[in-house]
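Now for the letters of each chain:
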Amino acid sequence: MSTILHIETSTNVCSVAVSQDGAVIFDKEDREGPNHATVCGPFVEEALSFAESHAIPLDAVAVSEGPGSYTGLRIGVSMAKGVAYGRGVPLVAVSTMELLCVPALLRYDSLPDDALLVPMIDARRMEVYAAVYDRALRAVRPVQPDIVDADTYRTWLDSHPVYFLGNGSTKCKAVLQHPNAHVIDGQVPLAKWMMPLAERALMQGRTVDVAYFEPFYLKNFVATKPRDLLHNL
């Protein structure tokens, strides 16, 4: 086991945690965001100070890689790179989609063996970033942007109980009307849930290059003009 600094900034929530030997020993989160630019740095400084005050050496930095908020991901990854480079420790990238599934797998013992998990990150309108996993977090379908209607996930709903979670699932409740559809409310990706995924990545030697790693944006950022400006063109 290792001591890992975890940074999660893929949604409006900003969170930072430290885990040691498989247990979370420091955890801070801000749900009033997006405030990543102002709170991420102080959270990280506080986490590092906590570790240093307890004479706990840092072994690695883990960051949520996306998909998610373009600005949030850039802030989180930049912070993670800076700490990893400055401390000379490995950098681990954790899938935000897999991260969303962790609390559901830990908290809901009653999930059927054949259950599928569909983590959803809100995009715009009825669009989400989503993936499909089994209970072992094996990808049944990789992450992609989905425009959600009654048929988007019918292939899996007709044969499995499917649990939808994440901030994208809330807006999709009305169209996810199927006997096998279940929505788990209140799930957001948090740094404190990154530990099992980061530990697994370290054990398997799956670290990323501090200099060249980029977040998984899934879609390129597109700058749009304000509506009133468009009307004046």
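Residues numbered from 1 in each chain as written. Predicted model: local features only at pLDDT ≥ 70, side-chain atom pairs only at ≥ 80, totals over all residues. Heavy atoms only, no water.

**Section: the environment of Asp134**
Argument step 1. Relative to the assigned elements, Asp134 resides in the loop between β7 (127–133) and β8 (139–147).
Argument step 2. Along the backbone, Asp134 and Asp114 are 20 residues apart, and their C-alpha atoms lie at a distance of 7.3 Å.
Argument step 3. At a separation of 2.9 Å, a polar atom in the side chain of Asp134 contacts the main-chain amide nitrogen of Ala136.
Argument step 4. A distance of 2.9 Å separates the side chain of Asp134 from the backbone nitrogen of Arg138, its partner in a polar contact. (Helix = DSSP H or I, 4+ residues; strand = E, 2+ residues; numbered from the N terminus. Polar contact = N/O pair within 3.5 Å; in protein donor to acceptor, adjacent residues only side chain to side chain.)

**Focus: the environment of Met194**
Argument step 1. Inspection of the secondary structure puts Met194 in the loop between β10 (181–184) and α6 (195–203).
Argument step 2. Overall, Met194 belongs to the buried group, its relative accessible area being 0%.
Argument step 3. Spatially, the C-alpha atom of Met194 lies 6.7 Å from that of His6, the residues being 188 residues apart in sequence.
Argument step 4. Setting aside its immediate chain neighbours within four residues, Met194 contacts His6, Ile7, Glu8, Ala62, Val63, Ser64, Val94 and Leu99. (Buried < 20%, exposed > 50% of the residue type's maximum accessible area, 1.4 Å probe, protein only. Contact = heavy atoms within 4.5 Å.)

**A closer look at empty space enclosed by the protein**
Argument step 1. Counting across every chain of the model gives one cavity of 30 Å³ or more.
Argument step 2. Considering only enclosed or pocket space, the largest cavity measures out at about 60 Å³ in volume.
Argument step 3. Forming the boundary of the largest cavity are Asp149, Ala150, Tyr153, Arg154, Leu157, Val175, Leu176, Gln177 and His178.
Argument step 4. For the lining of the largest cavity, the per-class residue count stands at five nonpolar, two polar and two charged. (1 Å grid on protein atoms, 1.4 Å probe; cavity = no way out; pocket = protein on both sides within 12 Å on 5 of 7 lines; lining within 4 Å. Points joined across faces, edges and corners; volume = space filled by probe spheres on them. Nonpolar A, V, L, I, M, F, W, Y, C, P; charged D, E, K, R; others polar.)

**A few points about the sheet that holds strand β1 (residues 3–8)**
Argument step 1. Pairing within the open sheet is mixed, and its five strands lie in the order β3-β2-β1-β4-β5. Both edges of this open sheet fall to β3 (23–30) and β5 (91–94), since each of them pairs with a single strand only. Here the strands of the sheet are splayed against their neighbours by 15° on average, with no regard to which way each runs.
Argument step 2. As defined by bridge partners, strand β2 (residues 14–20) adjoins β3 across seven bridges and the pair is classed as antiparallel. Bridged to Ser19 within β3 is Val24.
Argument step 3. Packing of helix α1 (residues 36–53) onto the sheet brings it into contact with β1, β2 and β3, and relative to β3 it is tilted by some 155°. (Pairing = 2+ DSSP bridges. Axes fitted to C-alpha atoms, helices over the stretch in contact; angles between N-to-C directions.)

**Details of α1**
Argument step 1. Here α1 is 18 residues long and its end C-alpha atoms lie 25 Å apart, about the 26 Å a rise of 1.5 Å per residue gives.
Argument step 2. Taken together, the buried positions of α1 are His36, Val39, Cys40, Gly41, Phe43, Val44, Ala47, Leu48 and Ala51.
Argument step 3. Packed against the buried residues of α1 are β1, β2, β3 and α2 (70–87).
Argument step 4. Ala55 sits one or two positions beyond α1 and adopts a positive phi of about 55°. (Expected span 1.5 Å × (residues − 1).)

**Quick word on the confidence of the model for the protein**
Argument step 1. Of all residues in the protein, 93% attain a pLDDT of 70 or more, and the chain-wide mean is 92.
Argument step 2. This model gives residues 220–233 a pLDDT under 50, and the stretch forms three contacts once residues within four places in sequence are excluded. (pLDDT = per-residue confidence, 0-100.)

**Quick notes on the packing of aromatic side chains**
For any pair of aromatic rings, geometry is given as the distance between the ring centres together with the angle between the planes.
Argument step 1. For the structure shown, the criterion picks out four aromatic pairs.
Argument step 2. An angle of 40° between the planes, with centres 6.4 Å apart, marks the rings of Tyr153 and Trp156 as tilted. Both residues of the pair, Tyr153 and Trp156, count as buried.
Argument step 3. Ring pairing ties together the aromatic residues Tyr153, Trp156 and Phe164, which thus form one cluster. (Phe/Tyr/Trp six-rings, centres within 6.5 Å; stacked < 30°, edge-to-face > 60°.)

**Let's talk about the pattern of salt bridges**
Argument step 1. This structure, assessed with the given rule, holds ten salt bridges.
Argument step 2. One salt bridge in this structure joins Arg135 and Asp113, with 3.8 Å as the shortest N-O distance. Separated by 22 residues along the polypeptide, Arg135 in the loop between β7 and β8 and Asp113 in the loop between α3 (96–107) and β6 (116–122) bring together distant segments of the chain.
Argument step 3. Using a relative accessible area of 30% as the deciding quantity, one classes Arg135 as partly exposed.
Argument step 4. Residue Asp113 is classed as exposed on the basis of its relative accessible area of 74%. (Salt bridge = Lys/Arg side-chain N within 4 Å of Asp/Glu carboxyl O.)

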